[in-house]
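Coordinate inspection notes
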Amino acid sequence: MKQSLINLLPPATVAAIWAFWGLAPAAWTQGPWAIMAVGLGTLAFVQLLELVFERHEGWRINRRELLTDVFYVAFGYGVIGFLSDTLVNGPLGELKEAWGIGTPWLAASPFLVQVLVVMFVFEFGQYWMHRAMHNWTPLWLTHAPHHHITQLNAMKGFIGNPIELFLISLGITALLDVDLNALFAAITAGGAIATYAHANVRADPPIWYGYFFTTIRNHSLHHTALSYEDTRCNYGNSVIFWDRVFGTYKEGESEVVGQDDRKRLSIKEQWLFPLRPWLEKRKTAA
């Protein structure tokens, strides 16, 4: 019974987030810090769950991992968030207005329909970007640092090379007509799913949840240390459904994660990783 309740934690968290944005008073949801409070609160909650419902002892968080994770969360919310809004979402919003792009049918849809459409549309783009990163060397060089992590924890989804973090944040949801609360519900719910998908929590959600949304089982296999080829599956960051549609879904789980003899990279090494071929060539020439 206890494990059954633990397994319900991911869907219960997502449901709570949807309920907050759909039902909470406007004074709560329209505050300037509301979306950040929900996002960071979810991260903190799942990180605490790791201490109580640990999945693998080898993934147990330590001081170095925690400090690195916190740095990347701050970097993601601050720098990557700013760049995405300034360089992509803002211009797309202006383009939408200039070209008269509209989705009135979506604006007239029930709240939860709007939320799911935003989640699945955004993840459709993420799926193909993520898949491209595993199939084209220049993009793989930006994504590889994320696969050099040697344990999975709640905040690990934020770790990677800045180029990859920016590319994986891109989407076209700014072109959609949706209620602002529905947009925030989609963003924070997707973040919660991705957090659980990286977390050291022994929650295995029900089959109906895992059919549509990514779980730690799906994503740990994507991070497996068996080989590079074995990572080319389960690309969905929070929506695994697109993997099922396009034939890249694979059943299984991996406790041992990492790449290249499981060498943990420092932040400096993660940021310089795309230059690695050039740096090695220069070193050999010298």
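Check the entry above for the structure.
First, a word on scope: everything that follows refers to the structure included in this document. Remember, predicted model here, so these are calculated numbers, not experimental data. (Residues numbered from 1 in each chain as written. Predicted model: local features only at pLDDT ≥ 70, side-chain atom pairs only at ≥ 80, totals over all residues. Heavy atoms only, no water.)

1. Considerations on the layout of surface pockets
As a volume, the second largest pocket reaches approximately 250 Å³. Along its surface, the second largest pocket is lined by Lys263, Leu265, Glu269, Leu272, Phe273, Arg276, Leu279, Glu280 and Lys283. The set of elements that each furnish at least two residues to the lining of the second largest pocket consists of α14 (267-272) and α15 (276-285). If one sorts the elements of the lining of the second largest pocket by residue count, α15 sits on top with 4 residues. Looking at the lining of the second largest pocket residue by residue, the class counts come to 4 nonpolar, no polar and 5 charged. (1 Å grid on protein atoms, 1.4 Å probe; cavity = no way out; pocket = protein on both sides within 12 Å on 5 of 7 lines; lining within 4 Å. Points joined across faces, edges and corners; volume = space filled by probe spheres on them. Helix = DSSP H or I, 4+ residues; strand = E, 2+ residues; numbered from the N terminus. Nonpolar A, V, L, I, M, F, W, Y, C, P; charged D, E, K, R; others polar.)

2. Quick notes on the nonpolar core
One finds Trp18, Trp21, Val115, Met119 and Phe213 to be the most contacted residues of the largest nonpolar core, which totals 26 residues. At the level of elements, α2 (9-23), α4 (34-52), α7 (111-133) and α10 (180-198) are the ones that each hand at least two residues to this core. Of all the elements, α10 adds the most residues to this core, at 7 residues. If near-sequence neighbours (up to four positions away) are discounted, Phe213 is found in contact with Trp18, Leu116, Met119, Phe120, Ile193, Asn218, Ser238, Val239 and Ile240. By size, the runner-up hydrophobic cluster in this structure holds 18 residues, among which are Tyr72, Leu139, Ile168 and Ile216. (Core = buried A, V, L, I, M, F, W, Y, C linked by side-chain atoms within 4.5 Å. Buried < 20%, exposed > 50% of the residue type's maximum accessible area, 1.4 Å probe, protein only. Contact = heavy atoms within 4.5 Å.)

3. With respect to a nonpolar patch on the surface
A cluster of nonpolar residues, Phe124, Trp128, Val245 and Phe246, forms a patch on the protein surface that exposes about 340 Å² of accessible area. Here Val245 shows up in helix α13 (residues 241-246). (Patch = residues over 30% accessible without salt bridge, like charges linked within 9 Å, V, L, I, M, F, W, Y side chains within 5 Å. Areas by Shrake-Rupley, 256 points an atom, 1.4 Å probe, with all protein chains shown as cover. Salt bridge = Lys/Arg side-chain N within 4 Å of Asp/Glu carboxyl O.)

4. Some details on the environment of His198
You can see His198 is positioned in helix α10. In this structure His198 comes out as buried when scored by relative accessible area, which is 1%. For His198 and Val46, which are 152 residues apart along the polypeptide, the C-alpha to C-alpha distance reads 10.0 Å. The contact partners of His198, leaving out residues within four places of it in the chain, are His146, Leu152, Asn153, Ala154, Lys156, Gly157, Ile216, His219, His223 and Asn237.

5. A word on α4
Taking 1.5 Å per residue, 19 residues should reach 27 Å; α4 reaches 27 Å between its end C-alpha atoms and fits that length. Buried within α4 are the following residues: Ala34, Val38, Gly39, Thr42, Leu43, Val46, Gln47, Leu49 and Glu50. Of the surrounding secondary structure, the elements contacted by the buried residues of α4 are α2, α3 (26-29), α5 (63-99) and α10. (Expected span 1.5 Å × (residues − 1).)

6. What to know about the side chain of His130
Along the polypeptide, His130 turns up in helix α7. A relative accessible area of 7% places His130 in the buried class. Polar contacts involving the side chain of His130 include one to the side chain of His143, which spans 3.1 Å. Setting aside anything within four residues of it in sequence, one finds His130 in contact with His143, His147, Ile168, His222 and Tyr235. (Polar contact = N/O pair within 3.5 Å; in protein donor to acceptor, adjacent residues only side chain to side chain.)

7. Some remarks on unusual backbone geometry
Its identity is not glycine, yet Asp260 carries a phi of approximately 50°, on the positive side. Looking at the element boundaries, Asp260 is found in the loop between α13 and α14. Phi is positive for Asp261, close to 60°, though the residue is something other than glycine. For Asp261, the position within the fold is in the loop between α13 and α14.

8. Concerning the pattern of salt bridges
Scanning all chains against the criterion turns up 13 salt bridges. A salt bridge links Glu54 to Arg60, with the nearest nitrogen and oxygen atoms 2.7 Å apart. Given the relative accessible area of 45%, Arg60 is considered partly exposed. The partner of Arg232 in a salt bridge is Glu229, and the shortest N-O contact between them spans 3.1 Å. Within this structure, Arg55, Asp204, Arg217, Glu251 and Glu253 form a network of salt bridges that share partners.

9. Things to note about the packing of α2 against α4
Direction vectors running N to C along α2 and α4 enclose 165°, while the axes themselves pass 12 Å from each other. Compared by their axis directions, α2 and α4 come out roughly antiparallel. Our pair here, α2 against α4, has a crossing hand that is right-handed. Residues Leu9, Thr13, Ile17, Phe20 and Trp21 of α2 form the contact with α4, whose participating residues are Ala34, Ile35, Val38, Thr42, Phe45 and Leu49. (Axes fitted to C-alpha atoms, helices over the stretch in contact; angles between N-to-C directions. Parallel < 35°, antiparallel > 145°, perpendicular 65-115°, else oblique. Left-handed = near helix turned anticlockwise from the far one by under 90°.)

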